[in-house]
Amino acid sequence: MTRIEDEFARFEHEGWQRVADNYDSVWSSLTRQFIPYLIDAAQIAPAMSVLDVACGPGYVSAAARQLGAIPTGVDFSSEMVAIANRIFPEIDFIEGDAQKLPFADASFDRVLMNFGLLHLSRPEKACSEAFCVLRAGGKFGFTIWAEPRENPGGKIVNDAIEAHADLNVDVPQGPSKFAYAEKEECRKALQRNGFDGGSMIFQTRCVEWNVPTPRYLFEAERDAGVRTAGLLARQTSDRLDAIMRATEDGVRHYAKGDRFVIPMAAHVIVVSKNS
Ligand SMILES: C[S@@+](CC[C@H](N)C(=O)[O-])C[C@H]1O[C@@H](n2cnc3c(N)ncnc32)[C@H](O)[C@@H]1O
């Protein structure tokens with residue numbers, strides 16, 4: 001079992017263990033859409049060794065394998081690892097912490113992390129771990145959500161929380177979710193951890209998330225998320241109801257036929273380790 005070092009990481013770990021069963025059906029239709037961009041920007045090619053950090057149910061690993069690369073997935077949630085092993089039995093998935101990777105230095109050609117960095121208590125440590133396990137000339141690629149002003153779907157939830165939530169509830173505080181969302185700050189952070197800042201690719205991609213009901217987004221955050229779910233779980237029922245209604249109103253703006261098509265934007269970032 002992974003040893004968890006701090007309160008925020010413990011909170012995240014408990015959360016992912018709890019929601020692992022829901023993650024695939026609730027979020028994968030969204031997070032998987034960014035994988036082709038990530039794989040493409042990181043230039044994954046046949047025979048490359050690829051580490052998929054915070055792998056969840058293993059979609060990045062599966063996409064890398066389809067290209068002929070040799071993936072390994074790592075996640076600190078044993079439940080996620082069990083699901084990944086069940087869905088993709090031909091791939092190696094192991095339990096481990098992104099902030100203390102259980103691999104020798106210079107083991108991989110690529111390290112990828114799809115929507116993992118924003119869940120970490122020490123994202124810089126995860127960057128330095130990625131740097132260590134990469135071979136010289138390798139690349140580190142990751143995705144993170146864009147800030148609400150650039151991300152319509154994220155803005156719906158953010159605005160509803162800002163308007164109606166009590167933010168002074170007792171929930172473990174982690175680093176800003178958007179710590180790497182500003183391009184030059186991101187470059188500096190990667191440089192501090194040894195990467196070649198000049199090589200950084202920083203793309204913003206927007207996809208369409210097709211959901212069945214106006215309530216889907218709220219329910220996804222409440223029932224299959226971790227960080228926002230922790231905040232929602234600590235609200236009074238009146239506040240929770242107001243957040244739900246505001247989120248539903250936001251989603252209704254994106255009605256298309258009998259569905260709702262929400263634009264969701266994320267940054268795809270890739271940086272090299274010099275040879
Ligand atoms: C939003 S999910 C992303 C899953 C997957 N990468 C995807 O593409 O959908 C975040 C994942 O990060 C994992 N995670 C969070 N903190 C971690 C840590 N410190 N070490 C390893 N995995 C972690 C969670 O268990 C969860 O599976």
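Note that residues are indexed from 1 along each chain, following the sequence as it is written. This being a predicted model, a pLDDT of at least 70 is required before a residue's local features are given, and a value of 80 or more before pairs of side-chain atoms are given or counted; all residues contribute to the totals for chains, interfaces and linings.

**Some thoughts on the overall build of the protein chain**
A count of helices and strands for the protein chain gives 10 helices and 8 strands. Taken against the 2.2 N^0.38 rule, which gives 19 Å for 275 residues, the C-alpha radius of gyration of the protein chain at 18 Å falls within 12% of a compact globule. By principal-axis analysis of the C-alpha atoms, the protein chain measures approximately 55 × 40 × 40 Å. Exposure criterion: with C-beta atoms placed from backbone coordinates, a residue whose C-beta has 20 or more other C-beta atoms within 10 Å is buried, one with 12 or fewer is exposed, and one in between is partly exposed. Counting across all 275 residues of the protein chain, residues that qualify as buried make up 42%. By definition, any uninterrupted DSSP run of H or I lasting at least four residues is a helix, any uninterrupted run of E lasting at least two residues is a strand, and each is numbered from the N terminus. The globule rule used here is 2.2 Å times the number of residues to the 0.38 power, and the radius of gyration it is set against is calculated over C-alpha atoms.

**Structural notes on the site of the ligand**
In this analysis a residue is considered near a molecule or strand if the C-beta atom, reconstructed from its backbone, is found within 6 Å of that molecule or strand. Around the ligand, the structure places 21 residues, and the nearest of them are Trp-16, Ala-54, Gly-56, Ala-98 and Asn-114. Of all the secondary structure elements, the ones that give two or more residues to the shell around the ligand are helix H1 (7-31) and helix H3 (59-66). Of all the elements, H1 adds the most residues to the shell around the ligand, at 4 residues. Of the residues belonging to the shell around the ligand, the class tally is 11 nonpolar, 7 polar and 3 charged. The nonpolar class holds Ala, Val, Leu, Ile, Met, Phe, Trp, Tyr, Cys and Pro. Asp, Glu, Lys and Arg form the charged class, and all remaining residues, Gly among them, are polar.

**Things to note about the nonpolar core**
In terms of nonpolar packing, the biggest core is built from 74 residues, with Val-53, Val-111, Leu-112, Leu-117, Ala-130, Leu-217 and Ile-262 touching the most fellow members. The dominant element in this core, judged by the number of residues it contributes, is strand S8 (residues 259-272), at 9 residues. Contact partners of Val-53, with chain neighbours within four places excluded, come to Val-74, Ala-98, Val-111, Leu-112, Met-113, Gly-116 and Ala-130. The term nonpolar core refers to a set of buried Ala, Val, Leu, Ile, Met, Phe, Trp, Tyr and Cys residues connected through C-beta atoms within 7 Å. We call two residues in contact whenever the C-beta atoms placed from their backbones are within 7 Å.

**A few points about the packing of helix H6 (residues 152-164) against helix H10 (residues 237-252)**
Relative to each other, H6 and H10 sit at 145 degrees, their axes nearing to 9 Å. Regarding H6 and H10, the two cross each other, and that crossing is right-handed. Side by side, H6 and H10 meet where Ile-156, Val-157, Asp-159, Ala-160, Ile-161, Ala-163 and His-164 of the first sit next to Arg-239, Ala-242, Ile-243, Ala-246, Thr-247, Gly-250 and Val-251 of the second. In terms of residue class, the contact of H6 with H10 is built from 9 nonpolar, 3 polar and 2 charged. Note on geometry: axes are C-alpha line fits, over the in-contact stretch for helices, and angles between N-to-C directions span 0 to 180 degrees. For a crossing to be left-handed, the near helix must be turned anticlockwise from the far one by less than a right angle; the clockwise case is right-handed.

**Some words on the pairing of strand S2 (residues 70-75)**
Among the 6 residues in S2, 5 count as buried, and that is most of the element. Should DSSP find at least two bridges between two strands, the strands are regarded as paired. In terms of strand pairing, strand S1 (residues 49-53) meets S2 through 5 bridges, oriented parallel. In the strand pairing of S2, Leu-51 is matched with Thr-72. Orient the strands so they point away from the viewer; a crossover is then right-handed if the path from the first strand over the helix to the second runs clockwise. Where the polypeptide runs from S1 across H3 and back to S2, its parallel neighbour, the crossover connection is right-handed. In the sheet, S2 pairs with strand S3 (residues 92-95) via 4 bridges, with the strands oriented parallel. Paired with Thr-72 across the two strands is Asp-92, which belongs to S3. Once the chain exits S2 it traverses helix H4 (residues 78-87) before rejoining the sheet at S3, and the crossover so formed is right-handed.

**Focus on H1**
Each residue after the first adds 1.5 Å to the expected span of a helix. The terminal C-alpha atoms of H1 lie 26 Å apart, and with 25 residues this falls more than 12% below the ideal 36 Å at 1.5 Å per residue. For H1, the principal kink sits at Tyr-23 and spans about 70 degrees. Its buried side turned inward, H1 meets H4, strand S4 (108-114) and helix H8 (216-224). The quantity called bend is, for any residue, the angle between two axes fitted respectively to the seven residues ending at it and the seven beginning at it.

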